[in-house]
Protein chains: 2
Amino acid sequence: MSIRIGIYGYGNLGRGVELAIKQSPDLEGVGVFTRRNPKTVQTLTGIPVFHIDDAIRMQDKIDVMILCGGSATDLPEQTPYLAQYFNVVDSFDTHAKIPQHAKNVQAAAEQAKTTALISAGWDPGMFSLARLYSSAILPNGNEYTFWGKGVSQGHSDAIRRIEGVVDAKQYTIPLETALQAVRNGENPTLATGEKHERECFVVAADGADKARIENEIKTMPNYFADYKTTVHFISLEELKEKHAGLPHGGRVIRSGATGVNGEHKHVIEYSLKLDSNAEFTSSVLAACARAVFRMNQEGMYGCKTLFDVPPIYLSACTREELLEKLL
Amino acid sequence: MSIRIGIYGYGNLGRGVELAIKQSPDLEGVGVFTRRNPKTVQTLTGIPVFHIDDAIRMQDKIDVMILCGGSATDLPEQTPYLAQYFNVVDSFDTHAKIPQHAKNVQAAAEQAKTTALISAGWDPGMFSLARLYSSAILPNGNEYTFWGKGVSQGHSDAIRRIEGVVDAKQYTIPLETALQAVRNGENPTLATGEKHERECFVVAADGADKARIENEIKTMPNYFADYKTTVHFISLEELKEKHAGLPHGGRVIRSGATGVNGEHKHVIEYSLKLDSNAEFTSSVLAACARAVFRMNQEGMYGCKTLFDVPPIYLSACTREELLEKLL
């Protein structure tokens, strides 16, 4: 019997979940829930569409609801609300607000005896796991998270708000010198601006003052001022042709020492290179839905994160297969 | 209150566990157990030494026994035996025999209500986790494990058995071309010999026929015949000076595709670069002992692997710290 999945929200993430479910024979997409008029929404794989107001009524048809809204306003409301009725998975990614979100969700899920897994994806998510495992194994060490090469939508948006900019795409790129110092076990102290550079592809309006635009970008506080920033002016055609995708990725590196006097160095590196940020995140969410269903069956109620999930619950394979082939 | 650890066997792995415990304030080394006369054994950090025959009598003084024997003959006997009396962790690494070992240990641990975690280390262990997580997230993909650059003790031993060889060290090195093809998402089909090359540093006896030795190495079935193999003859002094350590490492790479037609490629890579194979393995074992203690407290009895361990149990940090700082 397959695990029945609901998809709550149908943007990039929701579509990614729909596609991820299609790759997993043990998961079945039961419905997409949208704020729009369901008749105007066409799903990629034919999963039926419902209005979000109809979700609660479908409680007995859905084993796990995957929440595909945004972290700014959707999830802080939706996750605690829906955890009263469903096992849920979300990708809440505002790092500083995770503890509060966890508390809100815990209260709802504990009472309802549902299982609610928050902050799944790649960061938070797989990168968090890389940080936890590597720091547990090498307590005497330092840890570094690098992002990129990839598109930062927040930084691209910031450029687009500058007068005279038609469109823009910003890539966050890890600095090779910083990466090498970390991999060599030099344990450097690095501010974010010393780990990354920023490359901007900008389409300027006809007659716009490019020197002023470039200066406004490079001096923008928080976003660019502390970084080595490069600005390329290109045509709209080139932007659409060469910079249409939303690739991302990054790496978590921990370097640590063991031995009588720390004489042996070790480097653990976990890296991701993703053509589609949203579809990878969605793939993590789908695997987490499988785990959440099983955890709930075993009575593991309340708010969970990937830290709490026995890895075996994420896999569609049997225990015997895993011990024989993957261990 | 700290978790009281016993160390069963005191070779490279046992010494590594002793040093790992010293890095972890919540773990306390209670005793080293040896087959030798305890009076002849001096520990690195002053942990008292006992004869293995005295272990069972210390059942109420030890929370977790870490087994530091070998997979060929020690662990198949010791793990099921000691799991009758203690929570245990072992590093059983004969991949083909893991399912049988798991069955034997399960029978003992289930009956005694102990928790017995087998096959911890880096492969099996952290590499197994990398394989499981990445295949659960990207079911439509291929997976590759590369070993090295590192010393293979089995291959070094094989060279030493050749007539006229005084000493030798063999490095297993991943082939850069194969690595690149995998990272590019080309999904190549690769035999082990197409993923690695072998570099040998050999000390020949005075007057020995080097051409014959080199030929015997390069044509040795299973060990070298299927690999690109390079042989360097060096002096004993150079071998001792430059090739004394036992570094190792490797990487698990999964490349997978998502999207409507698999149009988006993703690459997940987990890599280790280790100065000391044994000490890194020991560090994993120590973290696992922490997890095993907690799992046992929660009633999770029987034979477990890292696949079954909620990652949070491996960490010495509190849940609040982890949600705030690492997630």
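Residues numbered from 1 in each chain as written. Chains lettered and ligands numbered in written order. Predicted model: local features only at pLDDT ≥ 70, side-chain atom pairs only at ≥ 80, totals over all residues. Heavy atoms only, no water.

Draft legend 1. Broad picture of the relation of the copies chain B and chain A. For the pair chain B and chain A, the relating rotation is 180°, the translation along its axis is 0.0 Å, and the fit reaches an RMSD of 0.1 Å. Taken together, the rotation angle and the small translation identify this as a two-fold axis. Comparing interface residues between copies, 100% of those in chain B also sit at the interface in chain A, which points to an isologous, same-surface contact. (Least-squares fit on C-alpha atoms with pLDDT ≥ 70 in both. Contact = heavy atoms within 4.5 Å.)

Draft legend 2. Quick look at unusual backbone geometry. That bond from D123(A) to P124(A) is cis: its omega, 5°, falls within 30 degrees of zero. Here the residue pair G148(B) and K149(B) is connected by a cis peptide bond, since its omega of 0° sits within 30 degrees of zero. Summarising the element assignment, K149(B) is placed in the loop between β7 (141–147) and β8 (150–151). The phi angle at N187(A) is positive, at roughly 50°, despite the residue not being glycine. Inspection of the secondary structure puts N187(A) in the loop between α6 (176–183) and β10 (196–204). The class for N187(A) is partly exposed, based on a relative accessible area of 33%. One non-glycine residue, N222(A), adopts positive backbone phi at about 65°. When you line up the elements, N222(A) lands in the loop between α7 (210–218) and β11 (228–233). (Helix = DSSP H or I, 4+ residues; strand = E, 2+ residues; numbered from the N terminus. Buried < 20%, exposed > 50% of the residue type's maximum accessible area, 1.4 Å probe, protein only.)

Draft legend 3. Inspection of the sheet that holds strand β14 (residues 302–304) of chain A at higher detail. All names here are of chain A. Strand order in the open sheet made by the seven strands is β3-β2-β1-β4-β5-β6-β14, with parallel pairing throughout. Both edges of this open sheet fall to β3 (49–51) and β14, since each of them pairs with a single strand only. Going across the sheet, the axis of each strand differs from the next one's by a mean of 25°, ignoring polarity. Pairing analysis gives three bridges linking strand β2 (residues 27–34) to β3, with the strands arranged parallel. Opposite V32, over in β3, you have V49 as the bridge partner. Along the sheet, helix α1 (residues 12–22) makes contact with β1 (3–8), β2 and β4 (64–67), crossing β1 at roughly 165°. (Pairing = 2+ DSSP bridges. Axes fitted to C-alpha atoms, helices over the stretch in contact; angles between N-to-C directions.)

Draft legend 4. Broad picture of the packing of α1(A) against helix α9 (residues 277–297) of chain A. Residue and element names in this part refer to chain A. For the pair α1 and α9, the least separation of the axes is 8 Å and the interaxial angle reads 55°. In terms of orientation, α1 and α9 fall into the oblique class. α1 and α9 meet at a crossing whose hand is right-handed. Judged by residue contacts, N12, L13, G16, V17, L19 and A20 of α1 engage A278, E279, T281, S282, S283, L285 and A286 from α9. Its residues assigned to classes, the contact of α1 with α9 comprises seven nonpolar, five polar and one charged. (Parallel < 35°, antiparallel > 145°, perpendicular 65-115°, else oblique. Left-handed = near helix turned anticlockwise from the far one by under 90°. Nonpolar A, V, L, I, M, F, W, Y, C, P; charged D, E, K, R; others polar.)

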